[in-house]
Structure formats: C-alpha cells, structure tokens
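Summary of the model geometry
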Amino acid sequence: MVQGTFRSLSNYNYRLWAGGAIVSNVGTWMQRTAQDWLVLTELTHKNATAVGVVMALQFGPQLLLLPLTGFAADYFNRRKFLIATQAAMGVLALGLGTLTVTGLVQLWQVYLFAFLLGCVTAFDAPVRQTFVSELVTEADLSNAVALNSTSFNAARMIGPAIAGVLIAAVGSGWVFLINAASFAAVISSLYFLRLNELHLSSRAARTKGSFAEGFRYVAKRPDLKAIIFMVFLIGTFGLNFPIFISTMSVSIFHGGAGQYGLLSSTMAIGSVAGALLSAKRAHPRISLLFVGAAIFGIGLTFAAFMPNYWLFGFVLIIIGISAQTFNTTANSMVQLSTEPEMRGRVMAIFLAVALGGTPLGAPVVGWVADRFGPRWALGIGAASGFAAAIVVIHYLMKYRHLRMRLVAGRMHFSIADVDPMSRSQQSERLTPEQKIR
C-alpha cells in the first residue's frame, strides 16, 4: 500500500521537486495566514469584507490573464518559466515583509501586493500543474498529482500553526520574510533536476486562435464542462476558508492568532488524508466527484451549527477530506483525459475557474459574514457543495445513462463505461472516460 501510495517518489526528479515544493508550500501557507490576520485584526477592525477583497485581488488575475497563461504553459520551457515565477513571488513576499516589519504597511499596500502576487500566480499555477507530467510517466501522473496535493496540504497543516506562533511572538512581517526565503528551496530543486530524464511533451505552435482552441476543445467535451462547472461552484462559494475560519475563530469563539492558526492546521489534517487516499487509487473515478461534493456540503452544514471551538475543528477535518478528494479527483481527471499538447490551456481554464471565481464569491461571502454572521457564510459554502453534486448527477444521467434500481432492499447504481460524446476519439487512443472511469 505504501509503495503504491508513494510510488512517484522513486523517481529522482519528482523526489527532488517534491522536497523543494514542501518547504516553499509551508512558507506560502505561513504568509496566507499572516496576511489574513494582518488585514482582519491589525489594519481593520475584524472586517471580513476586507479579507474577501484581498482574496479577490489575489485570485482575480486567474481570469483576467487567462488568454496568456494557458498558452504560456503549453509554449514555453516549463522548468525555466517556473524558476522565473517562483523568484518573482519571493521578491513580492520580501517587499510586503519589509513594509510590515518597518511599520509602514497600509491596507491599500496589502491590496496591491495581493494583486501583483495574483498576476504572477496566474502564470505559475498552470505551468506548475502541468510540469508534473514532465517529471513522471503517464502511468504515474494521477499519483504524482495526488502527492502534490498531499505536499500542499501537509504544508497547510504545518504553516498556519507556525505562523500563529510567530505572529504572536514577533509579528506578521517576519512571517512574510521567512516565506521569501523559502522560495530558495523550490528554485534550487528546479535547477538541479536531471534534464535528460524529463518527459518533455511537444510544444504548442504559436498560431492565431491558439487561446480559443482551448475553449473549443472543452466545449466539445461534456465531461470536462461538467467538472469545470462543479469546480466553479465549489471554488467560488465553498473554498473561502480564510473567511470561514478567521471569522468563526475571532467573532464566534473569540480566539487569538494561535487558535486561528490551529484551526487552519486542523482542516489541513483532513486535506492530507484526502490527498493520500487519492494517491492510493490507480485512476480517478467520477463517482468520487459526487461523494466529495456531497460530503463537502454536509460538512459545512454541520460546521455552521457547531457550538464550540473543538467541535468546529473536528468537523473541519471531515471537510478537508471531502474537499481534497473532490479537488484531486477533478485535477487528475482533467489532466489524464486531455491531449498533452492541449493540457496547459485546458488546465489554465480549469485553474482560472477554480481560483478566478474567488473575486466573485469571496466578497459576497465576506459581506454575508459581516452582515448576518459567519454561520450564514458557511451555509453558502454548503449550498455550493450540494449544487455541485447535482451537476454530476445530471451529467451521469444525460451522458452516462445513470440508472438506479432496488435489489433485495438495497439501492444499486449503474453507469455506461464510455461517454457517448467521446466515442469519436476511440480510433486514435483510449477515450477520456476509459482512463478515468
């Protein structure tokens, strides 16, 4: 089981990349925690709307720059491109940290740095996601994607807790500076990769209409459209945990920075568990999208009614498992079922929808938390999970002939093995649904 779960780590390049990434990811989560705390408690008086604005500025560029980011992932050398984007993010962390440590930071400056970081991340994210396919073989891609999520969420478990202690001890500014230093790890790992062992794919040709080609590709694929729409619903209204956790911690449970960091880390325990469970599976299954979305909705519903800090933290573990199961399954299904030369553009669309919906949802969720209370904001997140579950049921009924029947008092479900809309691809390769069913 262990060998299967961590099989990608037997690859030198992936192992080196993963080592650098975990250090950088810890720093990133430390900065996110410190940034939210700085805005919520130091630059405003518990203003959740301001936190929502920061999130909107940080993730909005995913949509604004979509015409460029996807093509960059398919056209440029991904390793060199990542070195540039990671260095740029380190410089931005250094700038914000310097302003904060010297006591000069103002709210508008946090907004500006969030937007600039969002612009760099818009280019970095699709390249980083698709770069994994150059580190491992196609057979190990789903496992590598899941282990990437494990690394990211293990860092989410460690980073906020460390940040909470450091914020209380030395202040938010030093957390930003430590994050700036952490980028040296991932840049070094990229520099020392064995270039002759990379699995390079063909680069996209720079032609007119290359950007639109990605949308045309997705438009012909009902499976991708369903996944992306589900990701939009949950990403826009459900994955606003900086708002959910910070407002519940401060306004409902009256906790400090340490308690806030601990809650973020508690949820990450579930996220790591969900990512490891995904890594064990040989292939992602569409049924897991339904399970992940439905349990996500149920978990947030229970979280909204939790009477105390510890019960709320326990439910966050369940939410973390479900959210990570959903996210990792969606990511793996999209990558595995997309042609290699289109992967960068399709992943850019996927990530733009997943992260770019935040500018729409975060301010709304923040306003609801301010106006009606954090528990109502959690209710909006729960509704997004249930809506996503309905989307996958509709897809299965329309394109996979979902059937339900009662046998010996138990409900049984059956679906078609192949998406009828993908049969035209059988002459060239396995259909997307054969890979991910």
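Every chain is numbered on its own, with residues counted from 1 as its sequence reads. Local features are withheld for residues below a pLDDT of 70 in this predicted model, meaning they are given only at 70 or higher, and side-chain atom pairs are given and counted only at 80 or more; totals for whole chains, interfaces and linings count all residues. Side-chain numbers come from the whole structure's heavy atoms, not from hydrogens or water.

Using the following cut-off: UniProt positions are given in the numbering used here, feature names are shortened, and annotations may be inferred rather than shown by experiment.
Taking an unreviewed UniProt entry as the reference, the protein is identified by name as MFS transporter belonging to Glaciimonas soli. Turning to the protein, the UniProt record has this under Subcellular location (unreviewed entry): "Cell membrane".

1. So, the overall build of the protein
This is how the line gets drawn: Strands here mean DSSP runs of E at least two residues long; helices mean DSSP runs of H or I at least four residues long; both are numbered from the N terminus. Three exposure classes are used, based on accessible area relative to the maximum for each residue type with a 1.4 Å probe and protein chains only: buried under 20%, partly exposed in between, and exposed over 50%. Surface exposure here means Shrake-Rupley accessible area, sampled with a 1.4 Å probe, where a residue is shielded only by the protein chains that are shown.
From N to C terminus, the protein includes 19 helices and two strands. A total of 437 residues make up the protein; the buried ones form 57% of that total. Surface accessibility of the protein: about 17900 Å² in total, with carbon and sulfur atoms responsible for 68%.

2. Things to note about the nonpolar core
Definition in use: Here, nonpolar core refers to any group of buried Ala, Val, Leu, Ile, Met, Phe, Trp, Tyr and Cys residues whose side-chain atoms link them within 4.5 Å. A domain assignment, automatic or from a database, supplies the domain bounds used here. Every residue pair with non-hydrogen atoms within 4.5 Å of one another is taken to be in contact.
One finds Tyr 14, Leu 289, Phe 312, Ile 319 and Phe 350 to be the most contacted residues of the largest nonpolar core, which totals 120 residues. Lining this core are residues from two domains, each supplying at least three of them: domain 1 (9-195) and domain 2 (211-400 + 413-423). Apart from residues lying up to four places away in sequence, Tyr 14 is in contact with Ser 8, Leu 9, Val 132, Leu 135, Val 136, Ala 144, Leu 147 and Asn 148.

3. As for empty space enclosed by the protein
Inclusion rule: Both cavities and pockets are sets of points on a 1 Å grid over the protein atoms alone; in a cavity a 1.4 Å probe fits but cannot get out, in a pocket the set is open with protein on both sides within 12 Å along at least five of seven lines, and lining residues sit with an atom within 4 Å of a point. Grid points are joined across faces, edges and corners, and a volume is the space filled by probe spheres set on the points. Polar here means any residue outside two lists: the nonpolar Ala, Val, Leu, Ile, Met, Phe, Trp, Tyr, Cys and Pro, and the charged Asp, Glu, Lys and Arg; Gly therefore counts as polar.
The final tally for this structure, using the stated rule, is one cavity of 30 Å³ or more. Here the largest cavity defines a volume of roughly 60 Å³. Around the largest cavity sit Ser 142, Ser 278, Arg 281, His 283, Pro 284, Leu 288, Thr 328, Thr 329 and Ser 332, which together line it. With three residues, helix H15 (residues 309-336) is the single largest residue contributor to the lining of the largest cavity. The residue inventory of the lining of the largest cavity, partitioned by class, reads two nonpolar, six polar and one charged.

4. A word on helix H5 (residues 66-75)
By the criterion of burial, H5 is predominantly enclosed, with seven of the ten residues buried. All of the buried residues along H5 are Leu 66, Thr 69, Gly 70, Phe 71, Ala 72, Ala 73 and Asp 74.

5. Digging into the side chain of Gln 58
Looking at where Gln 58 falls in the secondary structure, it is placed in helix H3 (residues 48-59). In this structure Gln 58 comes out as buried when scored by relative accessible area, which is 10%. Every residue in contact with Gln 58, bar those within four places of it in the chain, is listed here: Arg 32, Gln 35, Ala 114, Leu 117 and Gly 118.

6. Remarks on the packing of aromatic side chains
Applicable threshold: Here is the rule: rings of Phe, Tyr and Trp (six-membered ring for Trp) pair when centre to centre is within 6.5 Å. Planes less than 30 degrees apart are stacked, more than 60 are edge-to-face, and the remainder are tilted.
Applying the stated rule across the entire model yields 13 aromatic pairs. Aromatic pair Trp 17 and Phe 131: ring centres 5.5 Å apart, planes at 70°, arrangement edge-to-face. Here Phe 131 lies in helix H7 (residues 107-135) and Trp 17 lies in helix H2 (residues 12-42), a separation of 114 residues in the sequence. Judged by relative accessible area, Trp 17 falls into the buried class, the value being 3%. Their ring planes at 35° and their centres at 5.6 Å tell us that Tyr 395 and Tyr 399 sit as a pair that is tilted. Of this pair, Tyr 395 and Tyr 399 are both found in helix H18 (residues 374-399), four residues apart, which corresponds to roughly one turn of the helix. Judged by relative accessible area, which is 17%, Tyr 399 ranks as buried.

7. So, unusual backbone geometry
Although it is not a glycine, His 254 sits at a positive phi angle of roughly 55°. Relative to the elements of secondary structure, His 254 occurs in the loop between helix H12 (241-252) and helix H13 (257-280).

8. Here we look at the packing of H2 against helix H9 (residues 172-191)
Convention followed: Axes here mean lines fitted to C-alpha atoms, for a helix over just the part in contact, with angles spanning 0 to 180 degrees between N-to-C directions. The scheme is simple: roughly parallel for angles under 35 degrees, roughly antiparallel for over 145, roughly perpendicular for 65 to 115, oblique for anything else. What makes a crossing left-handed is the near helix being turned counterclockwise from the far one by less than a right angle; a clockwise turn instead makes it right-handed.
Orientation of H2 relative to H9, taken along the N-to-C sense of each, is 160°, at an axis distance of 8 Å. Comparing the axis directions of H2 and H9 gives the class roughly antiparallel. With respect to the hand of their crossing, H2 and H9 are arranged in left-handed fashion. Here the contact of H2 with H9 is composed, by residue class, of 14 nonpolar, ten polar and one charged.

9. Re the pattern of salt bridges
When their charged atoms lie close together, side chains carrying opposite charge are able to pair. Our working rule: Think of a salt bridge as a Lys or Arg side-chain nitrogen and an Asp or Glu carboxyl oxygen that are within 4 Å of each other.
Taken as a whole, this structure holds six salt bridges when the rule is applied. Here Arg 128 ties to Asp 124 by a salt bridge, and the two come within 2.7 Å at their closest N and O atoms. Taken as a pair, Arg 128 and Asp 124 lie in helix H7 at a separation of four residues, close to a single helical turn. Residue Arg 128 is classed as partly exposed on the basis of its relative accessible area, which comes to 25%. What makes Asp 124 buried here is its relative accessible area of 0%. Among the ionic pairs, Arg 221 bridges to Asp 223, the shortest N-O distance being 2.7 Å. By the burial criterion, Arg 221 is buried, and Asp 223 matches it.

10. Things to note about the side chain of Gln 35
Here is the rule we go by: We define a polar contact as two N or O atoms separated by no more than 3.5 Å, with the added condition that, inside protein, one atom must be a possible hydrogen donor and the other a possible acceptor, whereas residues neighbouring each other in sequence contribute only through side-chain atom pairs.
The topology assignment puts Gln 35 in helix H2. You can call Gln 35 buried: its relative accessible area is 5%. A polar side-chain atom of Gln 35 sits 3.0 Å from a polar atom in the side chain of Gln 58.

11. Some remarks on the environment of Tyr 12
Within the fold, Tyr 12 resides in helix H2. Taking the relative accessible area as the measure of exposure, Tyr 12 reaches 26% and is therefore partly exposed. Spatially, the C-alpha atoms of Tyr 12 and Glu 197 are 9.0 Å apart, while their sequence positions differ by 185 residues. Residue contacts for Tyr 12: discarding those within four places in its chain leaves Phe 192 and Arg 194.

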